[in-house]
Amino acid sequence: MKACIIGVSQEETQAVAPILHFLGIEIVMDPQQDELVDFFVVGSLVDVTKLSLPLPSIWLQEREDMASDEAIWCCPIPWRQEQILPILNRLAESPNMPRTQAVNLNVYIRHLESVLIRHALTSSNGVVSKAASLLQIQRTTLIEKMRRYRIDKSEF
């Protein structure tokens with residue numbers, strides 16, 4: 001899992017970071033635009049009344065309206081393992097969380113495409129136009145994919 005820590009004081013960081021690290025949770029202090037996190041840890045430096053987050057959150061301060069939101073937990077520091085583990089378990093069981101057995105579809109498709117291209121080239125003795133015909137794609141498309149996957153027709 002990956003947690004984004006926002007609005008935390010130095011004291012809060014020193015209290016929370018070792019626990020998250022011990023539990024195997026990666027900490028992101030300043031997420032990049034393409035970086036995905038699983039939940040937020042929100043510190044006392046943030047005005048809780050003006051912040052709405054798209055993901056589950058653990059607030060380090062008390063919050064009155066938290067009962068209406070199932071994705072927000074108030075857990076002031078100091079954290080104890082028996083306090084934080086039930087929250088993290090609920091986060092892990094969420095249907096929105098990726099499973100550890102999950103497959104990265106993009107990686108799998110690229111691998112499968114590469115294998116199919118190599119098989120077609122082997123079947124056609126390295127003749128690109130025949131391999132493209134076997135794969136039912138344009139010859140130029142096959143050449144692009146061969147460059148992308150660094151497949152040299154001389155290997156076949």
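Residues numbered from 1 in each chain as written. Predicted model: local features only at pLDDT ≥ 70, side-chain atom pairs only at ≥ 80, totals over all residues. Heavy atoms only, no water.

Student: Give a detailed account of the packing of aromatic side chains, specifying residues and quantitative values.
Tutor: Inspection of the entire model under this criterion finds 0 aromatic pairs. Cation over ring: Arg148 sits above Tyr149, and NZ or CZ is 5.8 Å from the ring centre. (Phe/Tyr/Trp six-rings, centres within 6.5 Å; stacked < 30°, edge-to-face > 60°. Lys NZ or Arg CZ within 6 Å of the ring centre and 35° of its normal.)

Student: Run through the environment of Val128, naming residues and quoting values.
Tutor: You can see Val128 is positioned in helix H4 (residues 128–135). Note: C-alpha distance between Val128 and Met146 (18 residues apart in sequence) is 9.7 Å. (Helix = DSSP H or I, 4+ residues; strand = E, 2+ residues; numbered from the N terminus.)

Student: If you had to explain unusual backbone geometry to someone new, which residues and values would you point to?
Tutor: If you check the backbone angles, Asn125 has positive phi at about 55° while not being a glycine. Turning to its location among the elements, Asn125 is positioned in the loop between helix H3 (105–123) and H4. Positive phi, normally seen in glycine, also occurs at Arg150, with a value near 55°. Within the fold, Arg150 resides in the segment after helix H5 (139–148).

Student: An account of the confidence of the model for the protein chain is needed here, citing residue identities and associated values.
Tutor: Taken over all residues, the pLDDT of the protein chain has a mean of 78, while the share at 70 or more is 79%. The least confident element of the protein chain, judged by mean pLDDT, is helix H2 (residues 81–93) at 74; the most confident is H4 at 95. (pLDDT = per-residue confidence, 0-100.)

Student: Describe H4, with residues and values.
Tutor: When H4 is considered as a whole, its buried residues turn out to be Val128, Ala131 and Ala132. Looking straight down H4, one finds its buried side chains confined to an arc of 100°; they lie on one side. Along H4, the residues that are exposed and aim more than 90 degrees away from the buried face are Lys130, Ser133 and Leu134. Phi turns positive, to about 60°, at Gln136, one or two residues after H4. (Buried < 20%, exposed > 50% of the residue type's maximum accessible area, 1.4 Å probe, protein only. Arc of directions from axis to C-beta.)

Student: Report on the pattern of salt bridges, specifying residues and quantitative values.
Tutor: Tallying each qualifying case throughout the model produces 2 salt bridges. Among the ionic pairs, Glu113 bridges to Lys145, the shortest N-O distance being 2.5 Å. Taken together, the residues span a long stretch of sequence, with Glu113 in helix H3 and Lys145 in helix H5 at a distance of 32 residues. The salt bridge involving Glu155 is made with Arg118; its shortest N-O contact spans 3.4 Å. Within this pair, whereas Glu155 is found in the segment after H5, its partner Arg118 is found in helix H3, the two being separated by 37 residues in sequence. Arg118 gets classed as partly exposed once you look at its relative accessible area, which sits at 30%. (Salt bridge = Lys/Arg side-chain N within 4 Å of Asp/Glu carboxyl O.)

Student: Give a detailed account of the packing of H4 against H5, specifying residues and quantitative values.
Tutor: Where H4 meets H5, the axes come as close as 9 Å, and the angle between the chain directions of the two elements is 100°. Our classification of the angle between H4 and H5 gives roughly perpendicular. Packed against H4, whose contacting residues are Val128, Ser129, Ala131, Ala132 and Leu135, the element H5 presents Arg139, Leu142, Ile143 and Met146 at the interface. (Axes fitted to C-alpha atoms, helices over the stretch in contact; angles between N-to-C directions. Parallel < 35°, antiparallel > 145°, perpendicular 65-115°, else oblique. Contact = heavy atoms within 4.5 Å.)

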